[in-house]
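Examination of the molecular architecture
Spelled out from the first residue to the last, the chains are:
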Amino acid sequence: MNARLECTVSPSAQAVLTGLGRTEDVMFSPSGSRLAIAGFRTNRIALFDVAIVDSGQGRKVFVGGAVEIESATLRNPHGLCFLDESTLAVANREGGVQVYAAPQGSSPGVIRPMQSITGDASVPIRTPGSVACFPLGQDRLELLVCHNYSNVVTRHVLDRRHGFASVRDEPLLRRGLEVPDGICFSPDGTWIAVSSHDTHEVLLYRRTATLNPDAAPDAVLRNVICPHGVRFTRDHRHVLVADAHARYVNVYARGAADWRGTRDPCRMFPVLDRPTYLRGRSNPEEGGPKGIDVDPKMKVLACTTEFQTLAFFDLAQLLSRQARPDNWHRRYVQWRLARAIHRRRPSLYGWLVPMWQ
């Protein structure tokens, strides 16, 4: 059963995809009709019109109009999220967090950000890598920012009435995080998931009024080498995690009550063929999938990486597969070795047994 979907791409969209180079985060707009991808080295954000069509011939994806955001403030854009259908927040590894209009039509050329989110003196934004937002009401949003190299997640309350300016800035999560590399809310806002790159796991926290930087995670998703993009499914039953070190996206299942506890993946599926994966192995932390997202109707998984800029997969087929890969037990040993060696020789862990991928 092949879960990869047929995708028809317009010539203009294909030209943009071809020129993006190394990609990082990917995200559907709230309506699911648009898709944004971060071009890390080209310092661009690409926006595409997307349609998911079901017919007697099966499910297909059409990628149409394309527009690129260019700005002097885009400096290694790594993470992004839609604040609404026409507004994006972008985290720049070599810059800050900016808010941009998400234009439609032809390329707008160089634009200026609508707003810059800088934090305050106690929690200045440094090396931001990923962002996620959740509505707090009609006019306010909660924006979470992963500070990749200072190992903290900060919380910022944005006011839509004042151009998405931040009216509150505070540290939110720190305990157990080493290079927080991806972040998302559960669809109902009760959980926060954070990829902890250097501990080789994803940490889940219940989103409560008492959540603070000293709070321990309520759940740990393990057996992933370089966790990157992370997403809850819309039915709250699964978390999907992209492993940038491997060819796989890992699937984790919720327990009978909730997510609390330590969990191994219940499924793993390749989103890259082996030759494409090996093309991207420029270093131990590259080659596998980076950004992933699920459309609002929970029909498809979108996935991006440098040498497979955009691919779509039938989500129901992926979640229905029960079997793990043939190399499951060897991979589990690799993960255990990676964690042990990282504590002593961090530079070596990523090279462990790449032929298993």
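Presented here is a report on the structure given in the accompanying data block. The model shown is predicted, which means the values in this text are computed figures rather than measured ones. (Residues numbered from 1 in each chain as written. Predicted model: local features only at pLDDT ≥ 70, side-chain atom pairs only at ≥ 80, totals over all residues. Heavy atoms only, no water.)

This next bit is on the nonpolar core. Nonpolar side chains in soluble globular proteins tend to be buried together. In this structure, I45, L83 and L143 are the most contacted members of the largest nonpolar core, which totals 30 residues. Taken together, the elements giving at least two residues each to this core come down to β3 (34–39), β4 (44–55), β5 (58–70), β6 (77–84), β7 (87–92), β8 (97–101), β10 (128–135) and β11 (140–147). Among all residues touching L143, those that are not within four sequence positions of it are C81, L83, A89, V97, I117, V131, A132, C133, T154, R155, H156 and L158. (Core = buried A, V, L, I, M, F, W, Y, C linked by side-chain atoms within 4.5 Å. Buried < 20%, exposed > 50% of the residue type's maximum accessible area, 1.4 Å probe, protein only. Helix = DSSP H or I, 4+ residues; strand = E, 2+ residues; numbered from the N terminus. Contact = heavy atoms within 4.5 Å.)

Attention now moves to the sheet that holds β7. With antiparallel pairing, 4 strands are arranged side by side in an open sheet as β6-β7-β8-β9. Both edges of this open sheet fall to β6 and β9 (115–117), since each of them pairs with a single strand only. Looking at each pair of strands side by side, their axes are set apart by 25 degrees on average, direction ignored. Inspection of the sheet shows β7 paired to β8 by 5 bridges, in the antiparallel sense. What sits directly across from V90, in β8, is Q98. (Pairing = 2+ DSSP bridges. Axes fitted to C-alpha atoms, helices over the stretch in contact; angles between N-to-C directions.)

With that settled, the discussion passes to the sheet that holds β4. With mixed pairing, the 5 strands of this open sheet are ordered in space as β1-β5-β4-β3-β2. Among the strands making up the open sheet, the edge pair consists of β1 (6–9) and β2 (23–28). The average angle at which neighbouring strand axes cross in this sheet is 25 degrees, direction not considered. Packing of helix α1 (residues 11–19) onto the sheet brings it into contact with β1, β3, β4 and β5, and relative to β5 it is tilted by some 65 degrees.

Taken as a whole, this structure holds 2 aromatic pairs when the rule is applied. Taking 5.5 Å as the distance between ring centres and 40 degrees as the angle between the ring planes, the aromatic pair formed by F134 and F185 counts as tilted. Taken together, the residues F134 in strand β10 and F185 in strand β14 (residues 180–185) connect sequence positions 51 residues apart. Here F232 and W259 contribute two aromatic rings whose centre-to-centre distance is 6.0 Å and whose plane-to-plane angle is 85 degrees, an arrangement assigned as edge-to-face. Note that F232 is positioned in strand β18 (residues 227–232) and W259 in the loop between β20 (248–253) and β21 (261–263), a separation of 27 residues in sequence. With respect to burial, F232 and W259 carry one shared label: buried. Between the NZ or CZ atom of R22 and the centre of the ring of F40, over which it lies, the distance is 4.1 Å. The side chain of R247 reaches across the aromatic face of Y248, ending 5.7 Å from its centre. (Phe/Tyr/Trp six-rings, centres within 6.5 Å; stacked < 30°, edge-to-face > 60°. Lys NZ or Arg CZ within 6 Å of the ring centre and 35° of its normal.)

These figures come from the coordinates and say nothing about function on their own.
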